[in-house]
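An overview of the molecular structure
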Amino acid sequence: MIYLASDHAGFTLKEEMRKYLAEKGEAVEDLGTHSEESTDYAIYAHKLAEAIQKNPEAKGIAVCGSGLGISMALNRHNGIRAARSMSVEDAEMTRRHNDANVLALSGRQTDTETAKQMVDKFLTTEFEGGRHEARVKNIDLK
Ligand code: RB5
């Protein structure tokens, strides 16, 4: 399952990613927002974090204007590793080394084609484990 979340500034790119993933046959659930009406990215970040905590095998795509605010709110939750990414390489490395479970995108700085490539890389890249396992376990506060 891939959960999607955004604020108003990420709404359009989230819509594009929702359609793209659905066309590819992925199971997606859109947690909002559902329009360009101004709202607060933290509301949707918390919804997404809770959905993944209940379904830890799932991944998320989160979008706000910059990708920054929504990733900050997501990363307040244990078990959530949201990576604000600006390149395909970011999307790959954060899977390989950080076992990121949320890809946070910028709706204002990342174009649709680049976002599609980032999403593809994020969803198809495995965590390397090994020396990164203990490091990732050390992220959450007890
Ligand atoms: C909204 O204008 C914008 O501040 C928000 O989408 C996000 O970029 C914050 O980090």
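Placed above this text is the structure.
In this text, all values refer to a predicted model and were calculated from it rather than measured experimentally. (Residues numbered from 1 in each chain as written. Predicted model: local features only at pLDDT ≥ 70, side-chain atom pairs only at ≥ 80, totals over all residues. Heavy atoms only, no water.)

Glancing now at unusual backbone geometry. Between Gly 32 and Thr 33 the backbone carries a cis peptide bond, its omega angle lying at 5 degrees. For Asp 99, which is not glycine, the phi torsion reads 50 degrees and is therefore positive. By the element assignment, Asp 99 lies in the loop between helix H4 (88-98) and strand S5 (102-106). (Helix = DSSP H or I, 4+ residues; strand = E, 2+ residues; numbered from the N terminus.)

What follows deals with the site of the ligand. Neighbouring the ligand are Asp 7, His 8, Ala 9, Tyr 41, Cys 64, Gly 65, Ser 66, Gly 69 and Arg 108. In this structure, an oxygen atom belonging to the ligand sits 2.6 Å away from a side-chain N or O atom of Asp 7. Here an oxygen atom of the ligand sits 2.9 Å away from a polar atom, N or O, in the main chain of Ser 66. Looking at side-chain class alone, the shell around the ligand contains three nonpolar, four polar and two charged residues. (Near = heavy atom within 4 Å. Polar contact = N/O pair within 3.5 Å; in protein donor to acceptor, adjacent residues only side chain to side chain. Nonpolar A, V, L, I, M, F, W, Y, C, P; charged D, E, K, R; others polar.)

All right, on to the side chain of Ser 6 then. Considering the arrangement of structural elements, one finds Ser 6 in strand S1 (residues 2-6). Using a relative accessible area of 0% as the deciding quantity, one classes Ser 6 as buried. (Buried < 20%, exposed > 50% of the residue type's maximum accessible area, 1.4 Å probe, protein only.)

All right, on to the environment of Phe 122 then. Examined against the element boundaries, Phe 122 turns out to sit in helix H5 (residues 112-124). In contact with Phe 122, other than residues within four places in its own chain, are Lys 59, Gly 60, Ala 91, Thr 94, Arg 95, Ala 100, Asn 101, Val 102 and Leu 103. (Contact = heavy atoms within 4.5 Å.)

On the basis of which strands lie adjacent, the open sheet formed by five strands has the order S2-S1-S3-S5-S4 and parallel pairing. What marks the edges here is a single partner per strand, and that holds for strand S2 (28-30) and strand S4 (82-84). Here the average twist between neighbouring strands, direction ignored, is 20 degrees. Across five bridges, S1 lies against strand S3 (residues 59-64) in parallel orientation. Bridge pairing in S3 links Ala 5 to Ala 62. The strands touched by H5 within the sheet are S1, S3 and S5, with S5 carrying the most contacts at an inclination of about 170 degrees. (Pairing = 2+ DSSP bridges. Axes fitted to C-alpha atoms, helices over the stretch in contact; angles between N-to-C directions.)

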